[in-house]
Amino acid sequence: MVGLMQACRWEYLRVGMNTCFSCIGPTAYGCCLCPSRSNFKHPNYNATRTVSVRMDSSEVYAIKEECWACGKIKSGKNFLMCPFCNVVQPPNSDITYFDIFDQEQRFDIDLKDLEAKYKSLMKTLHPDLTHGKSVQEKEYYAQWSALVTTAYTDLLKPVSRATYLLKLRGIHVEEEGTVTDPDLITEVMDFREALQSMPDRKTLEELNKKASGRMDDWRAAFKAAFEEGNNTAAVGALQRMSYFGRVCEDINRELL
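Definitions and cut-offs
- Residues numbered from 1 in each chain as written.
- Predicted model: local features only at pLDDT ≥ 70, side-chain atom pairs only at ≥ 80, totals over all residues.
- Heavy atoms only, no water.
- UniProt positions renumbered as here; feature names shortened; annotations may be inferred.
- Helix = DSSP H or I, 4+ residues; strand = E, 2+ residues; numbered from the N terminus.
- Buried < 20%, exposed > 50% of the residue type's maximum accessible area, 1.4 Å probe, protein only.
- Contact = heavy atoms within 4.5 Å.
- Axes fitted to C-alpha atoms, helices over the stretch in contact; angles between N-to-C directions.
- Parallel < 35°, antiparallel > 145°, perpendicular 65-115°, else oblique.
- Left-handed = near helix turned anticlockwise from the far one by under 90°.
- Polar contact = N/O pair within 3.5 Å; in protein donor to acceptor, adjacent residues only side chain to side chain.
- Salt bridge = Lys/Arg side-chain N within 4 Å of Asp/Glu carboxyl O.
- Disulfide = S-S within 2.5 Å.
- Core = buried A, V, L, I, M, F, W, Y, C linked by side-chain atoms within 4.5 Å.
- Phe/Tyr/Trp six-rings, centres within 6.5 Å; stacked < 30°, edge-to-face > 60°.
- Nonpolar A, V, L, I, M, F, W, Y, C, P; charged D, E, K, R; others polar.

The protein chain goes by Co-chaperone HscB C-terminal oligomerisation domain-containing protein in an unreviewed UniProt entry, where it is assigned to Ceratopteris richardii. Under the Sequence similarities (unreviewed entry) heading, UniProt states for the protein chain: "Belongs to the HscB family."

## A word on the overall build of the protein chain
Looking only at helices and strands, the protein chain features seven helices and seven strands. Burial analysis of the protein chain (256 residues in total) assigns 39% to the buried set. Contacts spanning at least 24 positions in sequence make up 57% of the contacts within the protein chain whose residues lie at least 6 apart.

## Observations regarding the packing of helix α4 (residues 158–168) against helix α7 (residues 231–255)
Two elements in contact, α4 and α7, have axes whose closest approach is 10 Å; the angle formed by their N-to-C orientations is 155°. In this view, α4 runs roughly antiparallel relative to α7, as classed from their interaxial angle. Where α4 crosses over α7, the handedness of that crossing is left-handed. On α7, the residues touching P158, V159, A162, T163 and L166 of α4 are N231, A234, V235, L238, M241 and S242.

## Some words on the side chain of T96
When you line up the elements, T96 lands in the loop between β7 (73–74) and α1 (97–100). A polar contact of 3.0 Å, which involves the side chain of T96, links it to the backbone nitrogen of D99. Residues contacting T96, with those up to four places away along its chain left out, are Q105, Y164 and L168.

## Concerning the pattern of salt bridges
Close approach of charged atoms allows side chains of opposite charge to pair. Under the defined criterion, the tally for this structure stands at 12 salt bridges. Ionic pairing is found between K119 and E115, a salt bridge with its closest N-O pair at 3.3 Å. Of this pair, K119 and E115 both sit in helix α2 (residues 111–124), four residues apart, roughly one helical turn. Close ionic contact of D250 with R253 constitutes a salt bridge, the shortest N to O distance being 2.7 Å. One end of the pair, D250, and the other, R253, are both in helix α7, three residues apart, so they sit about a helical turn from each other. Here the salt bridges do not stand alone but share partners, grouping D102, D113 and K117 into one network.

## Brief notes about the environment of V188
The topology assignment puts V188 in helix α5 (residues 182–196). By relative accessible area, which is 8% here, V188 ends up buried. Non-local contacts of V188, meaning those with residues more than four positions away in its chain, are made with Y243, F244 and V247.

## Some details on the state of the cysteines
In a disulfide, the sulfur atoms of two cysteines are covalently bonded to one another. Enumeration according to the criterion identifies zero disulfides in this entry. Lacking any disulfide linkage, C70 is separated from the closest cysteine sulfur, that of C82, by 3.7 Å. Judged by its relative accessible area of 33%, C70 is partly exposed.

## Things to note about the nonpolar core
With 49 residues, the main nonpolar core has F101, F222 and I251 as its most contacted residues. In this structure F222 touches F107, A162, L165, L166, A234, A237, L238 and M241, once residues within four positions along its chain are discounted.

## As for the packing of aromatic side chains
A full pass over the atoms with the stated rule returns nine aromatic pairs. Each ring, one from F222 and one from F226, has its centre 5.7 Å from the other, and the planes form 20°; the classification is stacked. Of the two residues, F222 and F226 are both situated in helix α6 (residues 201–228); the distance of four residues between them amounts to about one turn of the helix. Accessibility expressed as a relative area gives 8% for F226, which makes it buried. Every member of this aromatic cluster is reached through a ring pair, and the members are Y97, F98 and Y164.

## Topic: α4
An α-helical segment advances 3.6 residues per turn. Residues three or four places apart therefore align on the same side. Extensive coverage of α4 is indicated by the burial of nine of its 11 residues. Of all the residues in α4, the buried ones are P158, V159, S160, R161, A162, T163, Y164, L165 and L166. Next to the buried residues of α4 lie α1, α2, α3 (135–156), α6 and α7. In the segment just after α4, G170 is the residue with positive phi, at about 85°.

## Re the packing of α5 against α7
The N-to-C vectors of α5 and α7 enclose an angle of 5°; their axes lie 11 Å apart at closest approach. Here α5 lies roughly parallel to α7, going by the angle between them. Contacts between α5 and α7 involve L184, E187, V188, F191, R192 and L195 on the former and, on the latter, R240, Y243, F244, R246, V247, D250, I251 and E254. Here the residues of the contact of α5 with α7 sort into eight nonpolar, no polar and six charged.

This is the structure in C-alpha cells:
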C-alpha cells in the first residue's frame, strides 16, 4: 500500500502509481486501500486543495484549488476573489508581496503602479463592503487588508524591499547588526556630528544631497549583487543602505 506524502511545496500531493485514483474525490485525498480517507489541508490555510491529476512518470500531482464557499475549482491567479461566486478567499500562505501587486521579484519596481494597485485592492477590501457578509468572510477581509497594507509598506521603501527580497531567498538580515567597516562608521559619525552642530537650512540641504547620493550608491550596489546572485555582497549593501537611510530620515526631519 502506498500512502500520501507531502512534497516540497505543500499544495502538491504526491502518490504512487499503486494508489487507487477512483477514490480521489473533489474534496478528499486518499486511497481506497488505506484505512481512512481524509482531506489534505495546510495548517495555515483553510481552503482545501482539489484534484487535478497529471500522470508524470510514477507520480501524480494535485495542483488546483477549491473555493471554500462554492466548491468550484479556481486558478492560482484568482487568489483574492472567487471568479464564480465573488467571495473573498483566505490568504494563501505561499503568496508573496510581489504576487499581491503583480510585480516581478526584483529590486527596481514601478512605484506608481504599486501605489495604484494598492489603492485598488484597498477599495475592494473596504470595510463597508463587508455588510451582510458572514463572520468568516469578514475575517478574511480583515486578514487581506492587513496583509496588503504590510506588503505595500515593505515594498514601498528600498531598505524593507531589499530585506524582503533576501528573505525570499532564505536570508535573514539584521540591517545594522554586523557592520564593522571603520570607513562606514566614520562617515556616518561625520553626518551625525554635522547634524548636532545646529546647521542652517542651506547646510542641511547640502548634507541631504550628499547622504542621498551615498544611499543611491548602495542601492545600485544591492541591485547589482542581488541580480548576480551574490548574496554576501547584497547583505553588505543592504546594511549600508540602512545606515544611510536613517541618516536621510534624520536630515529630512530637521528640514521640516
